[in-house]
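Per-entry structural report
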Amino acid sequence: MLQDETDRRTYSLLELTTQVHDALSDRFPETYWVRAETSDVRVNASSGHCYLEFVEKNPKTNALVAKAKASIWAKTFRMLKPYFEMETNQPFTSGIKVLVRVTVEFHELYGFSLNVVDIDPTYTLGDMARKRLEIINQLKEEGVFTLNKELPFPTLPNRIAVVTSPTAAGYEDFMNQLMNNPAGYPFYVKLFPALMQGERTEASIIEALENIDTHRECFDVVVMIRGGGATSDLNSFDSYLLAANCAQFPLPLITGIGHERDDTIVDLVAHTRLKTPTAVAAFLIGCMDKAATDLGELQHSLCDDARNILQEKKRSLQMIATRFPSMVTGSIEKKRSALQFISGKLPAIAANMSAQRLNQLDSILQRVRISCDKKLAKEARFIELQEQFIRMASPEYILRRGYSLTLHDGKIVKSAMNLKAGDSVSIRFSDGEASALIKEVEYNPPKNI
């Protein structure tokens, strides 16, 4: 139920916000150190005031748990910004952890906000160092931190893939020193353009590395250089993703990012870290110098070894030439003695060999005689059997066994079909012949068996 209008107290918006302002001023009269993360940092170009938001996130879910508008007036901002960036090497921008001293304010028109009056850069340095250490430890736990360092470095690194901005002064210095080296070494350089500062640095460099990897058989090393610039622009080279790509790249990576005070994580995982692009060029020329020096030393060593071997062989030949006559004489004497020894034993050897050959001939002759006798006896028996067979097959032998031969016109009659009645035939016996006249012929053809 609504209160009676006579008992109800009402406030104008201004009255209420004024009371809130007074209450906050009474409750929070001092300054307070606050830990937060910057967000939506922007500077008014005309006034120089910096406007931003401070946020706090859940460390597990990354969800926002608190947010407040804040401002840094121009006079304070002109002092705090360079001081912070000089101490941290980090631009004052969104997404960084800060420890700031603030006053609590509430304006009837603009509402609640915090006014920054001081900043402690050591807190940000500590957070940056913690993040950097976490990334390094993660790379080590994954076993990739030293992978690129463990790659064998080529003896002649003259096929070079360069990752940098084509407009960078450091790239021009690098090319001038490399191509105009005093020894005239040939270098073959291919530029893979990439942004070396700004928000797209990480993605741009990774894309360049991927392009190099597609043709990695064409290159010996990868050079990543960057000329000068603010140290605060190096934050991209401390990112996990870029460092992991560099650590696992299949070619040796040489960095010359142009800073001397600190090493980025990319420097730490690279095969070789140098200070500047010109230092990288000097290093590559030095590698070629070393290879040339080693080759020259090998050449001198080879010549010295060959000279020593020739001298040794020459001495050996001279020694042999000195001893050669006596060696030949000694060898001839040995051969003569051997011949004399053999000639003394030669008659006995010859007689022994002759006796052995005669015995062999006698044995062979005896075997020939026996073989001939056996052969002659066998042939005589064969002739005898043939002779007996011929006798048994002769007509006289057949007639003596009681058979007879019938002849007609002087020819043996072999079939009754060859005769007819009235033919005159002769019949031959073993002891004579008889004549006969055929009266009748009876033919009985033989039956097939």
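Structural notes, computed from the coordinates. Position numbers for residues count from 1 along each chain, tracking the sequence in the order it is written. In keeping with the predicted nature of the model, local features appear solely for residues at pLDDT of at least 70, side-chain atom pairs appear and are counted solely at 80 or more, and the whole-chain, interface and lining totals rest on all residues. Excluding hydrogens and water, the side-chain values take into account all heavy atoms of the structure.

Quick word on the side chain of R226
Only DSSP runs of H or I covering at least 4 residues are called helices, and only runs of E covering at least 2 are called strands; the numbering of each starts at the N terminus. By secondary structure assignment, the location of R226 is in the loop between β8 (221-225) and α6 (240-247). For R226, a relative accessible area of 5% puts it in the buried group. Any N or O atom pair separated by 3.5 Å or less is treated as a polar contact, with the protein-specific requirement of one donor-capable and one acceptor-capable atom, and with residues adjacent in sequence counted only for side-chain atom pairs. A polar side-chain atom of R226 sits 3.2 Å from the main-chain carbonyl oxygen of M196. Categorising residues by exposure relies on relative accessible area from a 1.4 Å probe, with only protein chains included: less than 20% of the type maximum marks a residue as buried, more than 50% marks it as exposed, and the intermediate range marks it as partly exposed.

Regarding the sheet that holds strand β14 (residues 432-437)
Any two strands are treated as partners once DSSP identifies two or more bridges connecting them. Taken in spatial order, the 4 strands make up an open sheet running β12-β11-β13-β14, and their pairing is antiparallel. Of all strands in the sheet, those bounded by a partner on one side alone are β12 (411-412) and β14. Where strand β11 (residues 405-408) and β12 come together, 2 bridges link them in antiparallel fashion. Among the inter-strand pairings, H408 is bridged to a residue of β12, identified as K411.

Comments concerning the pattern of salt bridges
One speaks of a salt bridge when a side-chain nitrogen belonging to Lys or Arg is within 4 Å of a carboxyl oxygen belonging to Asp or Glu. One pass over the structure, following the stated rule, counts 16 salt bridges. In this structure, R273 engages D267 in a salt bridge whose closest nitrogen and oxygen atoms are separated by 3.8 Å. Here R273 falls in the partly exposed class, since its relative accessible area comes to 24%. The partner of E333 in a salt bridge is R336, with the nearest N and O atoms 2.6 Å apart. A residue pair is termed a helical-turn pair when its members lie 3 or 4 positions apart in one helix, as E333 and R336 do in helix α8 (residues 277-393) at 3 residues. Overall, E333 belongs to the partly exposed group, its relative accessible area being 39%.

Side note on helix α5 (residues 201-214)
The span expected for a helix works out to 1.5 Å for each residue beyond the first. The terminal C-alpha atoms of α5 lie 20 Å apart, and with 14 residues this matches the ideal 20 Å at 1.5 Å per residue to within 8%. Inspection of α5 places T201, S204, I205, I206, A208, L209 and I212 among the buried residues, and these make up the whole buried set. By definition in these notes, contact holds between two residues if any of their heavy atoms fall within 4.5 Å. Contacts from the buried residues of α5 go to β6 (159-164), β7 (188-193), β8 and α6.

Side note on unusual backbone geometry
Backbone geometry follows two general trends: most residues other than glycine have a negative phi, and most peptide bonds adopt the trans configuration. A positive phi angle, near 55 degrees, is found at D40, a position not held by glycine. Relative to the assigned elements, D40 resides in strand β1 (residues 31-43). Accessibility expressed as a relative area gives 41% for D40, which makes it partly exposed. Residue D409 is not a glycine yet carries a positive backbone phi of 55 degrees.

Things to note about the pairing of strand β9 (residues 253-256)
Going residue by residue along β9, you find L253 and T255 tucked away on one face and I254 and G256 tucked away on the opposite face as well. Two elements, β8 and β9, share 4 bridges in a ladder whose sense is parallel. Across the sheet, I225 pairs through a bridge with G256, a residue of β9. As paired strands, β9 and strand β10 (residues 272-273) are joined by 2 bridges and run parallel to one another. From the neighbouring strand, I254 faces β10, where its bridge partner is T272.

Details of the sheet that holds strand β5 (residues 111-119)
In a beta sheet, neighbouring strands pair by backbone hydrogen bonds and run either parallel or antiparallel. Pairing is mixed in the closed barrel, where 5 strands are placed in the order β1-β2-β3-β5-β4. Neighbour-to-neighbour, the strand axes of this sheet turn through a mean angle of 55 degrees, independent of strand direction. Note on geometry: axes are lines fitted to C-alpha atoms, helical ones only across the stretch in contact, with angles between N-to-C directions running from 0 to 180 degrees. The strands that helix α2 (residues 74-88) touches are β1, β2 (50-57), β3 (64-72), β4 (97-107) and β5; relative to β5, the one it contacts most, it runs at about 50 degrees. Each of β1, β4 and β5 is contacted by helix α3 (residues 121-141), which is oriented at about 135 degrees to β4, the strand it contacts most.

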